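Examining the three-dimensional arrangement
So the chains spell out like this:
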Amino acid sequence: MSDIPDFQDLFRLDGKVALITGGSRGLGLHTATAFLYAGAKKVILTSRKSGGTYGLNQAVERLNKLPNIKGRALAIPADISKTEEIQRLVKEVQKTESKLDILVANAGAAWGGPFDTTPDASTVKVLDLNVRSIFNLIRIFTPLLEAAGTLSDPARVVIVSSTAGSHVPHVGEHGTIVYSASKAAADHLARNIAVELGPRHITTNSVAPGFFPSKLANGLIESLGGLEGLERENPRRRLGVASDMAGVMVFLCSRGAAWINGATIPVDGGGRLTAGRLSKL
Ligand SMILES: NC(=O)c1ccc[n+]([C@@H]2O[C@H](COP(=O)([O-])OP(=O)(O)OC[C@H]3O[C@@H](n4cnc5c(N)ncnc54)[C@H](OP(=O)(O)O)[C@@H]3O)[C@@H](O)[C@H]2O)c1
């Protein structure tokens, strides 16, 4: 007989406190929903905008109405591309929490367009948010994560990168070269930080999504010919849905993934393995 204590809780997040950047919509909101369903005690969302269709307030209101949840969602607006805003965010969290079990670095920016005329401001924005801010976010939250982690159940950092970090998805008219390089850097941050923080009982992994309809992805989906064509090209004949994100994020943050450290998990139906659009350029 194998010794697997409390198997019924192996994939649960009961009692956990999580912070999700970019939690107001898209993949961050899917993650927040999943964490609450998995039993998390508190899910803190952060992004820049509070009001409006895509702001934090509507997300918190919808999350707190989910059926059969024990925890609650709350929002702290912050622009995490600014280091002083991350420092303020930590102080806000510390007003009610002495430790943080889960940090999801999900907020990101994309830019697509032709190579020769790429505005320099777009490269600064993408690299700043997708790489530098993730490094600073994890660095500045480390004391709170360290306070939560134990040898058997470490605190978790999950970076949301992209399959664009492991292949060359789009060049030419809708090229995403700097975005793609930023996501490769995000995966490599995860590997480096996994080794740095592992001894402090914090694991760091990245999740690399393929196409999920969202505010960030919809423009590119349209310019590549729309949903149907992209669905046809994917080996699973569809794009990502909320439960795809839920499964991998809950797994990585559960006790079941306590010994997974420095891994990148693609969540893309196998799409990264196909030649895709490149063959048509
Ligand atoms: N959807 C996809 O197909 C796909 C595929 C691969 C990877 N990804 C990655 O998944 C992550 C989430 O993307 P998504 O598709 O869910 O996009 P989304 O729906 O546009 O959401 C982006 C989130 O990030 C927040 N955000 C943007 N800039 C921020 C800043 N400076 N400070 C704090 N929050 C900021 C946004 O809120 P505010 O605008 O209010 O700040 C929003 O909550 C990104 O890292 C993206 O690269 C997405």
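An account of the accompanying structure is given in this report. Predicted, not measured: the structure shown is a model, and the values here were computed from it.

With that out of the way, let us pick up the side chain of Asp153. Its place among the elements puts Asp153 in the loop between α4 (120-148) and β5 (155-160). A polar atom in the side chain of Asp153 sits 2.7 Å from the side chain of Lys16. If we ignore the near neighbours within four places in the chain, the residues touching Asp153 are Lys16, Ala148 and Arg255.

Turning to the side chain of Asp101, a few remarks are in order. Summarising the element assignment, Asp101 is placed in the loop between α3 (83-94) and β4 (102-105). For Asp101, a relative accessible area of 7% puts it in the buried group. Within the structure, Asp101 has its side chain in polar contact with the backbone nitrogen of Val17 (distance 2.8 Å). Not counting residues up to four positions away in its chain, the partners in contact with Asp101 are Gly15, Lys16, Val17, Leu145, Ala148, Ala155 and Arg156.

The end-to-end C-alpha distance of α3 is 17 Å, a good match for the 16 Å that twelve residues give at a rise of 1.5 Å each. Buried positions along α3 lie against β1 (17-21), β2 (42-46) and α4.

Checked against the element boundaries, Gly55 lands in the loop between β2 and α2 (56-63). Owing to a relative accessible area of 1%, Gly55 belongs among the buried residues under this scheme. Put simply, Gly55 and Arg25 are 30 residues apart on the chain and 7.7 Å apart in space, counted from C-alpha to C-alpha. For Gly55, the contacting residues outside a window of four places in its chain are Ser24, Lys49 and Ser50.

Residue position: Thr53 is located in the loop between β2 and α2. A relative accessible area of 66% means that Thr53 is categorised as exposed. Here the alpha-carbon distance between Thr53 and Ser24, two residues 29 residues apart in the chain, equals 9.6 Å.

Take the site of the ligand next. Taken together, 30 residues lie around the ligand, and Ser24, Arg48, Asn106, Tyr179 and Ser214 are the ones closest in. Contact distances for the ligand include 2.7 Å between an oxygen atom and a side-chain N or O atom of Tyr179. In the model, an oxygen atom of the ligand is placed 3.4 Å from a nitrogen or oxygen of the Gly210 main chain. Contributing elements (two or more residues each) for the shell around the ligand: α1 (26-37), α5 (177-197) and α6 (215-223). The biggest single contributor to the shell around the ligand is α6, with three residues. Taken together, the residues of the shell around the ligand sort by class into twelve nonpolar, twelve polar and six charged.

Before going further, it helps to spend a moment on the sheet that holds β5. The seven strands are arranged β3-β2-β1-β4-β5-β6-β7 in an open sheet whose pairing can be described as parallel. Bordering the open sheet on either side are β3 (72-75) and β7 (264-267), each of which pairs with just one other strand. Within the sheet, the average angular offset between the axes of one strand and its neighbour, ignoring direction, is 20°. Relative to strand β6 (residues 202-209), β5 runs parallel, the two being bridged by six bridges. Across the sheet, the residue bridging to Val157 is Thr204, located in β6. Lying on the sheet, α5 is in contact with β5, β6 and β7; it crosses β6 at an angle near 165°.

Applying the stated rule across the entire model yields 15 salt bridges. The shortest N-O distance in the salt bridge between Lys65 and Glu61 comes to 3.5 Å. Given a relative accessible area of 63%, Lys65 falls into the exposed group. Notably, a salt bridge pairs Lys95 with Glu92, separated by 3.2 Å at the nearest N-O pair. With a relative accessible area of 29%, Glu92 lands in the partly exposed category.

Positioned with a positive phi, Asp6 is a non-glycine residue whose angle comes to about 50°. Within the fold, Asp6 resides in the segment before β1. Phi at Asn68 is positive, roughly 60°, even though this residue is not glycine. The class of Asn68 is exposed, set by a relative accessible area of 78%.

What the rule picks out here adds up to two aromatic pairs. Relative to Phe11, the ring of Phe7 has its centre 6.4 Å away and its plane inclined at 90°; by these criteria the two rings are edge-to-face. Taking the centre distance of 6.2 Å and the plane angle of 45° together, the rings of Phe11 and Phe251 count as tilted. In this pair, Phe11 is assigned in the segment before β1 and Phe251 in helix α8 (residues 242-253), connecting sequence segments 240 residues apart. Given a relative accessible area of 27%, Phe251 falls into the partly exposed group. Put simply, the rings of Phe7, Phe11 and Phe251 pair up and form one aromatic cluster. Sitting over the face of the ring of Tyr54, Lys215 holds its NZ or CZ atom 5.4 Å from the ring centroid.

Basis of the calculations
- Residues numbered from 1 in each chain as written.
- Predicted model: local features only at pLDDT ≥ 70, side-chain atom pairs only at ≥ 80, totals over all residues.
- Heavy atoms only, no water.
- Helix = DSSP H or I, 4+ residues; strand = E, 2+ residues; numbered from the N terminus.
- Polar contact = N/O pair within 3.5 Å; in protein donor to acceptor, adjacent residues only side chain to side chain.
- Contact = heavy atoms within 4.5 Å.
- Buried < 20%, exposed > 50% of the residue type's maximum accessible area, 1.4 Å probe, protein only.
- Expected span 1.5 Å × (residues − 1).
- Near = heavy atom within 4 Å.
- Nonpolar A, V, L, I, M, F, W, Y, C, P; charged D, E, K, R; others polar.
- Pairing = 2+ DSSP bridges.
- Axes fitted to C-alpha atoms, helices over the stretch in contact; angles between N-to-C directions.
- Salt bridge = Lys/Arg side-chain N within 4 Å of Asp/Glu carboxyl O.
- Phe/Tyr/Trp six-rings, centres within 6.5 Å; stacked < 30°, edge-to-face > 60°.
- Lys NZ or Arg CZ within 6 Å of the ring centre and 35° of its normal.

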